[in-house]
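# A structural walkthrough
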Amino acid sequence: MASTPSPRTATTTLQNSLLSSSSSSVNHNKPSNLSFLHASSNSSSLKLFHSVSASFSPSNSSSTICNVIKTVESADISFSNARDLDGVVSIPKPTILVSEKLGEAGLDLLRSFGNVDCSYDLSPQDLCAKISLCDALIVRSGTKVTREVFEAAQGRLKVVGRAGVGIDNVDLQAATEFGCLVVNAPTANTIAAAEHGIALLTSMARNVAQADASMKAGKWLRSKYVGVSLVGKTLAVMGFGKVGSEVARRAKGLGMHVIAHDPYAPADRARAIGVDLVSFEQAIATADFVSLHMPLTPATKKVFNDDTFAKMKKGVRLINVARGGVIDEDALVRALDSGIVAQAALDVFTVEPPPKDSKLVQHENVTVTPHLGASTKEAQEGVAIEIAEAVVGALNGELSATAVNAPMVPPEVLSELAPYVVLAEKLGRLAVQLVTGGSGIQNVKVVYKSARDPDSLDTRLLRAMVTKGIIEPISDTIINLVNADFSAKQKGLRISEERVIVDSSPEYPVESIQVQISNVQSRFASALSENGNISIEGKVKYGVPHLTRVGSFSVDVSLEGNLILCKQVDQPGMIGQVGNILGESNVNVSFMSVGRTVRRKQAIMAIGVDEEPNKDTQKKIGEVSAIEEFVFLKL
């Protein structure tokens, strides 16, 4: 392929994967559980095809890719969807299991889309028994979605929805391996959680709960329950995300000085609220009140322990409406008994519900609530609607903005990349169909040409689409946005990406995408570049993906329908001869393009067709004396 003048390249080698997949028969209509991104050529919205009857197993990666072209040529197209008497495809409604209580507005939305099974208080065994009949599962914090659950689902489970923010009760690694999307509802309960944090802060400072209990016991203990003022006190917000920043706003309104610690928080957002970002050590050492809003991760588990409490100001007060596991509860009891921590107000616990004889819950200086952070009528309905919309969207083919185990791409980038993800998948699908022989596919290079700086071009989505296009036509593995990288790694395919800066308009994210497969034989020799690699390249024109180069030949054909590539002697009448053969067989031609290297020598004719020519038609094309080789490719 001709080189681009003076390009500046930035190459990233990925240890993505493909242990070479099996050469099982191709089924272009096979079910795809949350199958990949797809966008129509005239739409900026991204879609994920899916089927309720999909079956996926990450273990289907032991055999090698061999006899690829034979497999593709002898592919048996089958339709797994049932048809009614009129021949119309009938797809059964998905089954959605709701294992914990959800607001009626959310349930109504779910019922309008699928069959809803509300089964609460399931044991782990009961959940595993039911899950193989479900396409989606919605949980709150009480249900543990373990690896065993995903294994029991046998590939049918496509999406797990967490009605809330935290997803520590879902095994994300297992979800990703089994191609299951995990979505949450991170925004609807933000205000409710922040308000509850402030409620605990103020009630703790004024001993509201203890005073209330004493009065109901017939006592009048004004002197015992003298509180502390909030004005002028320092509040350390540990975790400056959505809830933490809203707590900070409200604490500022109470006259408190607010500092925050969060290694990922942008300084400009903190400054806009009037909050100083500080180190963890500085925060705990200077705060009068500490409010926790961090997720539970291996790094944050029991981060508030004996050592941490020893570094705090004597008489500090602690509020936790985040996750119970971030506190070593035994250490907190010791800190309360010693007076290092004067009071604590807790809405969450390591084990929920906590034991009835819990020393922490029973401690006189501790105010407790039963995980009420999101428990307002407004928040409950909001969370129910938000998670229902995310789950329905995923089952209906949309990429949820709240997906937590998929490549997270901002909505504006998703919209901008929409036509390019279609191009990327089709280039991968074309490239793999050009492979023949039994050596297997091991190395793929994806080259992005763009006027933008490499650091500003997010190619994760495009890489995943190329992976999908390469694996699915020659494997029984279902590839989707969630498991693309994992599946590639399991199958031993080494993918490298190269970004080439070209002199074009930076208005468009990508000028062109090129897919190269090295160390393989090609069933269409003209697709080989000068370095011996199968090489095809494409662009998006007017929102439609186009094939623009095959090997060393320039072409220009829309990637719609299917494609015929012919290498021929460059002479008059060739387009007419091939066109007549296709017309006589009632094969409709949508696009046609001819590219050549030298005039009157050799050329490649690329023909877009709506239907697949039968064997007799293909034989007639091959018998045209000026045609040296040709190939039919399915898109």
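What you see is a predicted model; the values in this text were computed from it and never measured.

We now examine the sheet that holds strand β13 (residues 276-277). A sheet is described by the order of its strands in space; here seven strands give the open sequence β13-β12-β11-β14-β15-β16-β17, paired in parallel fashion. Two strands bound the open sheet, and with one partner strand each, they are β13 and β17 (366-368). Alignment of strand β15 (residues 316-320) against strand β16 (residues 341-346), held across five bridges, turns out to be parallel. What sits directly across from Asn320, in β16, is Leu346. Seen against the sheet, helix α8 (residues 242-253) touches β11 (234-238), β12 (257-261) and β14 (289-292) and runs at an angle of roughly 170° to β11.

Ordered by their spatial adjacency, four strands build an open sheet running β27-β28-β26-β29, and the pairing between neighbours is antiparallel. Here the strands that pair on one side only, and so sit at the sheet edges, are β27 (589-596) and β29 (627-634). The sheet shows a mean angle of 15° between the axes of neighbouring strands, direction not considered. One ladder, built from seven bridges, connects β27 with strand β28 (residues 602-609); its direction is antiparallel. When the sheet's bridge partners are listed, Val594 is paired in β28 with Met605.

The next point concerns the pattern of salt bridges. For the structure on display, the rule yields 23 salt bridges. Note that Arg250 and Glu246 form a salt bridge whose closest N and O atoms lie 2.7 Å from each other. Of the two residues, Arg250 and Glu246 are both situated in helix α8; the distance of four residues between them amounts to about one turn of the helix. Residues Arg452 and Glu416 are paired through a salt bridge, measuring 2.6 Å at the closest nitrogen-oxygen approach. One end of the pair, Arg452, is in the loop between β19 (443-450) and α16 (460-471); the other, Glu416, is in helix α15 (residues 411-433), with 36 residues separating them in the sequence. Judged by its relative accessible area of 18%, Arg452 is buried.

The rules behind these values
Residues numbered from 1 in each chain as written. Predicted model: local features only at pLDDT ≥ 70, side-chain atom pairs only at ≥ 80, totals over all residues. Heavy atoms only, no water. Pairing = 2+ DSSP bridges. Helix = DSSP H or I, 4+ residues; strand = E, 2+ residues; numbered from the N terminus. Contact = heavy atoms within 4.5 Å. Axes fitted to C-alpha atoms, helices over the stretch in contact; angles between N-to-C directions. Salt bridge = Lys/Arg side-chain N within 4 Å of Asp/Glu carboxyl O. Buried < 20%, exposed > 50% of the residue type's maximum accessible area, 1.4 Å probe, protein only.

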